[in-house]
Every structure is written in structure tokens, then in C-alpha cells.
Amino acid sequence: MTPRQTRQSGRQGAPGVSLNRALSKLGLCSRTQAEVLIAEGRVRVGGKVVRDAALRVDLDRDRIVVDDRPVVAERKVYLMLNKPRGLVTTRDDPQQRDTVYACMEGLDLPFVSPVGRLDKASEGLLLMTNDTRFANRLMDPASHLPKTYHVQIGTVPDAPMLETLRAGVIVDGEVLTANAIELLRSGGRTAWLEIVLDEGRNRHIRRLLAAHGVEVLRLIRIAIGRLPLGDLAKGTARHLTAEELSLLRG
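Residues numbered from 1 in each chain as written. Predicted model: local features only at pLDDT ≥ 70, side-chain atom pairs only at ≥ 80, totals over all residues. Heavy atoms only, no water.

As recorded in an unreviewed UniProt entry, the chain goes by Pseudouridine synthase and comes from Mesorhizobium ciceri. Per UniProt, the chain has the following entry under Sequence similarities (unreviewed entry): "Belongs to the pseudouridine synthase RsuA family." (UniProt positions renumbered as here; feature names shortened; annotations may be inferred.)

Dropping the structure here:
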């Protein structure tokens, strides 16, 4: 790449992807970590040091080097993880909280990112991958990929309450609804609901229930699409099988 080409590729609206995103897509690191590498002058594009994380690059044509080592695409990795309560779904947490990456220690993996989120207090099925196209397709609202949760609440709902919950609610200008809400079982002063969503707004279920004064005691994601959590032990991760990938790809 010539200096003139480098300047042109960095223009707003140019084809390709930003340099920090390119390093993430290639499986080297997160976008935040890439920005640090770029700012420190450790990244070269076409033989020239680049300090602009927004520079547009072509993954098929531009040669990207970090610390004198060419960056090449890692093998595609697809994992399922049974997230325990108390972990955050991020690699770099400014508050130094424990993250889901602790569940993958000891595994020989390239950089992988979570597909969607589960908040710190939530548990269950979380997908991890370095295949950004796969992840974006699963998270695209247009895919209407259902996600199934089992939710323990601090009350025993009657039929009218269930109908009220199913009707949805507007919270802070957002319409929060569910595809389905069913009573699984109840006992004493608590009950378990099965809630199915085909979109995932921030703290969607918790906010929907809180709007009706319903306390969430536990929230566990048990399935994404046709892929169940199954008997995967809490706090562990494993590679998806070809059959399981086909369930997600439809």
C-alpha cells in the first residue's frame, strides 16, 4: 500500500473496516485492546506505522503487522458456556470484576467474544466465537432467533397477572414484550416462569417484571434457538458440535 492509498483508505465512507475492528475480526484482540496497540505505534499497515484506529483497511488486500508479526485470520471457534452467577460478560472490566473468560482458562483458544450478553446476576447459555459474521447474524433482530429463559420470581402469579405480563409494558420509552410467558411451577412464595424472547434489550426480562412489581430471584438462559444448554456443568465451556452449529444456522 502506498502512502497515497493509505490516506485514501482512511477517509470516511471508504470501503473496508476500521483498523481496530480488523484486528478484532482477525481474532487478535478486542477492539479496545487494538486501540491501545495502535496508539503505542505497534501496528503497521503496508509497512507503515499507523496510529489512527479509524483507518479503513481491506482484510483481503492489506498486510497488517503487529510487533513485527503478520496478523492472519485464526481458525473459527464456536463455544457454548454455562455462565455462573456473578461473572460479567466482557474481557476487560474497568471495575476489575471476575469475567466469563475465567471459565475458559486452560483452553487453547484464539481471541473469542461473547455473542450477546448475560448480565452479572444472570446464568446459563452463552455463546462465544471469533466468527463475527456468525455472531452478527445471530444477534440481528431480523433473525428473530428465540431465546428461552427460566426465571424464578418472588411471588406466585395468578392467571390475570400472567396475562398482564404477556401484554408487555413501556419502560423508559422502550416497548418490552415477550413471545411467551408460561408458569412452570410454584411453591410457597415463589414460582418459576418460562419466558421466550426474540430480541434482547438491556435487562429486558428484569425490567419487564420490575415494571409490574415482580422480583427476579434467578434468571437462567436455557436455550438459544433450537440449541439447549443441556447438562453442561456450570462454569465450564466446550466446543459446539457440527450438529449443534447446524441448529443455529438453520
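Back to the write-up after that little detour.
> Please provide a residue-by-residue account of the sheet that holds strand β2 (residues 43-45), values included.
The strands that make up a sheet pair up through hydrogen bonds in the backbone, lying either parallel or antiparallel. With antiparallel pairing, four strands are arranged side by side in an open sheet as β3-β2-β5-β6. Among the strands making up the open sheet, the edge pair consists of β3 (48-49) and β6 (69-70). Summarising the sheet, β2 and β3 pair through two bridges and their orientation is antiparallel. When the bridges of β3 are listed, R44 appears paired with V49. (Pairing = 2+ DSSP bridges. Helix = DSSP H or I, 4+ residues; strand = E, 2+ residues; numbered from the N terminus.)

> Lay out the UniProt feature "domain: RNA-binding S4" (unreviewed entry) in the chain in plain terms, naming residues and giving numbers.
This chain's UniProt record puts "domain: RNA-binding S4" (unreviewed entry) on residues 17-76. Overall, residues 17-76 shows 27% helix and 23% strand. The separation of its end C-alpha atoms is 19 Å.

> Please give an account of unusual backbone geometry that cites residues and values.
Keep in mind that most residues, glycine aside, have a negative phi and that most peptide bonds are trans. Even without a glycine there, the phi angle at D67 is positive, about 50°. Mapped onto the elements, D67 comes out in the loop between β5 (64-66) and β6. Positive phi, close to 65°, is recorded for D68, a residue that is not glycine. By secondary structure assignment, the location of D68 is in the loop between β5 and β6.

> Describe the packing of aromatic side chains, and please don't skip the residues or the numbers.
Per the counting criterion, the structure on display carries one aromatic pair. Ring geometry for Y78 versus F134: centroids 5.0 Å apart, planes at 80°, classification edge-to-face. With Y78 in strand β7 (residues 78-83) and F134 in helix α4 (residues 132-139), the pair connects residues that are 56 residues apart, well separated along the chain. Taken as a pair, Y78 and F134 share a single burial class, namely buried. Stacked on the ring of Y78, the Lys or Arg R249 has its end atom at 5.3 Å from the ring centre. (Phe/Tyr/Trp six-rings, centres within 6.5 Å; stacked < 30°, edge-to-face > 60°. Buried < 20%, exposed > 50% of the residue type's maximum accessible area, 1.4 Å probe, protein only. Lys NZ or Arg CZ within 6 Å of the ring centre and 35° of its normal.)

> Quick rundown of the nonpolar core? Include the residues and the values.
Judged by nonpolar contacts, the single largest core of 33 residues is most densely connected at M104, M128, V151, I195, I205 and L209. Of all elements in the fold, only β7, β9 (123-129), β10 (147-153), α5 (159-166), β11 (169-171), β14 (190-197), α6 (204-210) and β15 (216-224) reach the threshold of two or more residues within this core. In terms of residues, this core owes the most to one element, β14, which gives four residues. V17, A22, I38 and V43 belong to the second-largest nonpolar core, a separate cluster that totals 18 residues. (Core = buried A, V, L, I, M, F, W, Y, C linked by side-chain atoms within 4.5 Å.)

> Got a sec to walk through the confidence of the model for the chain? Specific residues and values, please.
Note: predicted coordinates in regions of low pLDDT should not be interpreted at a detailed level. With 94% of its residues at a pLDDT of 70 or more, the chain shows a mean pLDDT of 89. Counted against residues more than four places away or in other chains, residues 1-13, with its pLDDT under 50, gives 14 contacts. (pLDDT = per-residue confidence, 0-100. Contact = heavy atoms within 4.5 Å.)

> How would you summarise the pattern of salt bridges if you had to cite specific residues and measurements?
Enumeration over the complete set of coordinates arrives at 13 salt bridges. A salt bridge links E163 to R166, with the nearest nitrogen and oxygen atoms 2.4 Å apart. Of this pair, E163 and R166 both sit in helix α5, three residues apart, roughly one helical turn. Measuring nitrogen to oxygen at the nearest pair gives 2.6 Å for the salt bridge that ties E244 to R238. When salt bridges that share partners are traced, they join E174, E199, R201 and R207 into one network. (Salt bridge = Lys/Arg side-chain N within 4 Å of Asp/Glu carboxyl O.)

> Which residues make up α5, and what are the values?
Two or three places before M161, at the start of α5, stands the capping residue D158, its side-chain oxygen 2.9 Å from that residue's backbone nitrogen. The first or second residue beyond α5 is G168, which carries a positive phi of 85°. (Polar contact = N/O pair within 3.5 Å; in protein donor to acceptor, adjacent residues only side chain to side chain.)

> Which residues make up helix α3 (residues 31-39), and what values go with them?
Along α3, the residues that are buried comprise A34, L37 and I38. Projected down its long axis, α3 shows its buried positions confined to an angular sector of 95°, all on one face. Along α3, the residues that are exposed and aim more than 90 degrees away from the buried face are T32 and A39. Of the residues one or two after α3, G41 is the one with positive phi, at around 75°. (Arc of directions from axis to C-beta.)

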